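Examining the three-dimensional arrangement
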Amino acid sequence: MNASVSSIAPDRVVSTPPLDLGRLGTYLQVHAAGFRGLRQAERLVGGNSNPIWRLTADSGQYILRTQPAGQLLKSAHALDREFRILSALYGSAVPVPKLHVLCNELDVVGVQFYLMDFVDGVVHRHVGLPELPRERRADIYVAAIDNLVAIHRTDIDALGLRDFGRAGNYFERQLHRWTQQYRTAMPEGVAEMDELIGRLQTALPRAEHPTVLLHGDSRLDNLMFERDGDRVVAVLDWELSTLGHPLADLGQFLGVQELPADYLLPGLAGIDRAAAGLPDSAWMADRYLRAMQMDPRTDMRFYKAFAMFRQAAMSAGLRRRAALGTAVAESALLFGNTMDVFARTGLNTLESIP
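Quick caveat: nothing in here was measured; it's all calculated off a predicted structure. Along each chain, residues carry numbers from 1 onward, in the same order as the chain's sequence is written. It should be noted that, the model being predicted, local features are given only for residues of pLDDT at least 70 and side-chain atom pairs only at 80 or more, the latter also being counted only at that level, while totals for whole chains, interfaces and linings use all residues. Side-chain measures here rest on the full set of heavy atoms in the structure, leaving out hydrogens and waters.

Points about the overall build of the protein
Numbering goes from the N terminus for both helices and strands, where a helix is a DSSP run of H or I of at least four residues and a strand is a run of E of at least two. Within the protein one finds 11 helices and 10 strands. Remark: exposure states derive from per-residue accessible area (1.4 Å probe, protein chains only) relative to the maximum for the residue type, with buried under 20%, exposed over 50%, and partly exposed in between. Looking at the protein as a whole, 53% of its 354 residues are labelled buried. Counting only contacts in the protein whose residues sit at least 6 apart along the sequence, the fraction spanning at least 24 positions is 71%. Per-residue and other accessible areas were derived by the Shrake-Rupley procedure at a 1.4 Å probe size, with only the shown protein chains allowed to occlude residues. With an accessible surface of roughly 15,400 Å², the protein has 50% of that area assigned to carbon and sulfur atoms. Only heavy atoms matter for contacts: two residues are in contact if any of them lie within 4.5 Å across the pair.

Printed below as a string of structure tokens:
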């Protein structure tokens, strides 16, 4: 077998599990139907949380998603949950790749991993869509919002997902969970983050809400679109998926757009959206809320600010992992060291005009 490992990621990859392609190829030929002749593994751009590889084999191309090497936070990098949700959604109105095998045997590559089909498409990594002509940009956002509606309309009972998360008090539980994660990762605290937590605690929504399937990390760069088109061909990165309040996903999708345009995760703050051919936050929220038969006058500030709090807590975790040497990429430390940007954006969102 003429196998090789190469990297096409622009940053230095750290804490990715070493791939013994002979051992991996043998395992996949036995456990993944139709797989044969592993020849190459390429580490792909992205995957700060869980490394991703494109495998080239005699039987075709595939994606391998692995846990990072090293010590992991409790409940983090849960590829078995991701595998379950992708398996349930395959063939539904939500486009996801076909899965082949989940491996829990640590002697293969040292960590848990799963194999899925490679889907050909394009991921738009900048919310301003600079690579697209102005007249195409709004269509991408229409498709993204409509895809989010499709996720939230998923029949969780028909797909056997009723036990995939808990019903009720979603934001209260999530605020407690991520606050704990933040304090574990950064016990010294950050003033803006602590202020944001206090503000969110006093503004927790108490009204009853529908329980839907949540993607958990709803962002433009977690969608793969067809080349030269606006159709979503795959929804990626379901590690944080659960059941909960639908506006958590919408708040995440809209909240990251409030980040500074020059941040590591570029947002649209200060950008003239109309001039750039981009729909504004209110328009996107209105399209979603009407499609979900929810009140189009809903104030989205809490939901967007909550998304920024959670991103900040995740950044604290990345900083801890970078310090421990278990982060996947050098960018993890950069995110961890600038978690205050998320917290500040969350505070600014709460103080903005609805």
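A look at the nonpolar core
Met-193, Trp-238 and Tyr-288 are the most contacted members of the largest nonpolar core, which has 87 residues in total. No other element matches the 10 residues that helix α9 (residues 301-324) contributes to this core. Setting aside residues no more than four positions away along its own chain, Trp-238 makes contact with Glu-82, Ile-85, Leu-86, Leu-89, Val-94, Val-96, Ile-151, Leu-213, Leu-214 and His-215. By nonpolar core we mean a set of buried residues, namely Ala, Val, Leu, Ile, Met, Phe, Trp, Tyr and Cys, connected to one another through side-chain atoms within 4.5 Å. Of all hydrophobic cores here, the second largest spans 21 residues; its members include Tyr-62, Val-101, Val-109 and Leu-115.

Notes on the confidence of the model for the protein
Low pLDDT marks regions whose predicted coordinates should not be analysed in detail. Here the protein averages 89 in pLDDT, while 87% of its residues score no lower than 70. As a per-residue measure, pLDDT reflects the predictor's confidence and takes values from 0 up to 100. Across residues 1-15 the pLDDT falls below 50, and counting only partners more than four positions away or on other chains, this stretch makes 45 contacts in the model.

So, the environment of Phe-302
In this fold, Phe-302 is placed in helix α9. Look at Phe-302 and you get buried, because its relative accessible area is 8%. Sequence separation of Phe-302 and Leu-204 is 98 residues, and the distance between their C-alpha atoms is 7.9 Å. Residues in contact with Phe-302, not counting those within four places in the same chain, are Phe-171, Leu-200, Ala-203, Leu-204, Pro-205 and Leu-350.

A short note on the packing of aromatic side chains
Pairs of aromatic rings are described using the distance from one ring centre to the other and the angle between the two planes. When the centres of two rings from Phe, Tyr and Trp lie within 6.5 Å, Trp using its six-membered ring, the rings pair. Their planes under 30 degrees apart give stacked, over 60 give edge-to-face, and anything left gives tilted. Under the defined criterion, the tally for this structure stands at 12 aromatic pairs. Measuring from ring centre to ring centre gives 5.1 Å for Tyr-170 and Phe-171, while their planes differ by 80 degrees; the resulting arrangement is edge-to-face. Comparing Tyr-170 with Phe-171, the two get one shared label, buried. With centroids separated by 5.4 Å and ring planes inclined at 90 degrees, the aromatic side chains of Tyr-263 and Phe-342 adopt a geometry described as edge-to-face. With Tyr-263 in the loop between α6 (246-255) and α7 (273-276) and Phe-342 in helix α11 (residues 339-351), this residue pair connects regions lying 79 residues apart in the sequence. The class for Tyr-263 is buried, based on a relative accessible area of 9%. Residue Phe-342 is classed as buried on the basis of its relative accessible area, which comes to 1%. The rings of Tyr-170, Phe-171, Phe-302, Tyr-303, Phe-306 and Phe-309 are connected pair by pair, giving a single aromatic cluster. Positioned above the aromatic ring of Phe-164, the side-chain terminus of Arg-81 is 4.0 Å from the ring centre. Charges are assigned to positions over rings by a cutoff of 6 Å between ring centre and Lys NZ or Arg CZ, combined with an angular limit of 35 degrees from the ring normal.

Side note on the side chain of Thr-349
Considering the arrangement of structural elements, one finds Thr-349 in helix α11. Contacts of Thr-349, omitting those with residues within four sequence positions, involve Glu-258, Arg-301, Lys-304 and Ala-305.

With respect to the packing of helix α5 (residues 191-202) against α11
Axis lines are fitted through C-alpha atoms, for helices just across the contact stretch, and the angle between N-to-C directions can take any value from 0 to 180 degrees. Relative to each other, α5 and α11 sit at 40 degrees, their axes nearing to 9 Å. The two elements α5 and α11 meet at a crossing, and its hand is left-handed. Where α5 approaches α11, its residues Glu-192, Met-193, Glu-195, Leu-196, Arg-199 and Leu-200 are matched on the opposing element by Met-339, Asp-340, Ala-343, Arg-344, Gly-346, Leu-347, Leu-350 and Glu-351. Among the residues forming the contact of α5 with α11, the class breakdown is seven nonpolar, one polar and six charged. In a left-handed crossing the near helix is turned counterclockwise from the far helix by less than a right angle, and in a right-handed crossing that turn is clockwise. Gly counts as polar in this scheme, as do all residues outside two lists: the nonpolar Ala, Val, Leu, Ile, Met, Phe, Trp, Tyr, Cys and Pro, and the charged Asp, Glu, Lys and Arg.

Some details on the packing of helix α3 (residues 134-152) against helix α8 (residues 281-291)
Orientation of α3 relative to α8, taken along the N-to-C sense of each, is 35 degrees, at an axis distance of 10 Å. As α3 packs across α8, the resulting crossing turns out to be right-handed. For the pair α3 and α8, the contacting residues are Tyr-141, Val-142, Ile-145, Asp-146, Leu-148, Val-149 and His-152 in the first and Trp-283, Met-284, Arg-287, Tyr-288 and Ala-291 in the second. The residue inventory of the contact of α3 with α8, partitioned by class, reads nine nonpolar, one polar and two charged.

Examining α5
An expected span of 1.5 Å times one less than the residue number is assigned to each helix. Counted at 1.5 Å a residue, the expected span for α5 with its 12 residues is 16 Å, and the 17 Å between its end C-alpha atoms agrees. Those residues of α5 that fall on the buried side of the exposure criterion are Met-193, Leu-196, Ile-197 and Leu-200. The buried residues of α5 occupy an angular sector of 100 degrees when the element is viewed end-on, so they sit on one face. Turned more than 90 degrees away from the buried face of α5, the exposed residues are Ala-191 and Thr-202. By definition, the arc is the one covered by directions from the helix axis to the C-beta atoms.

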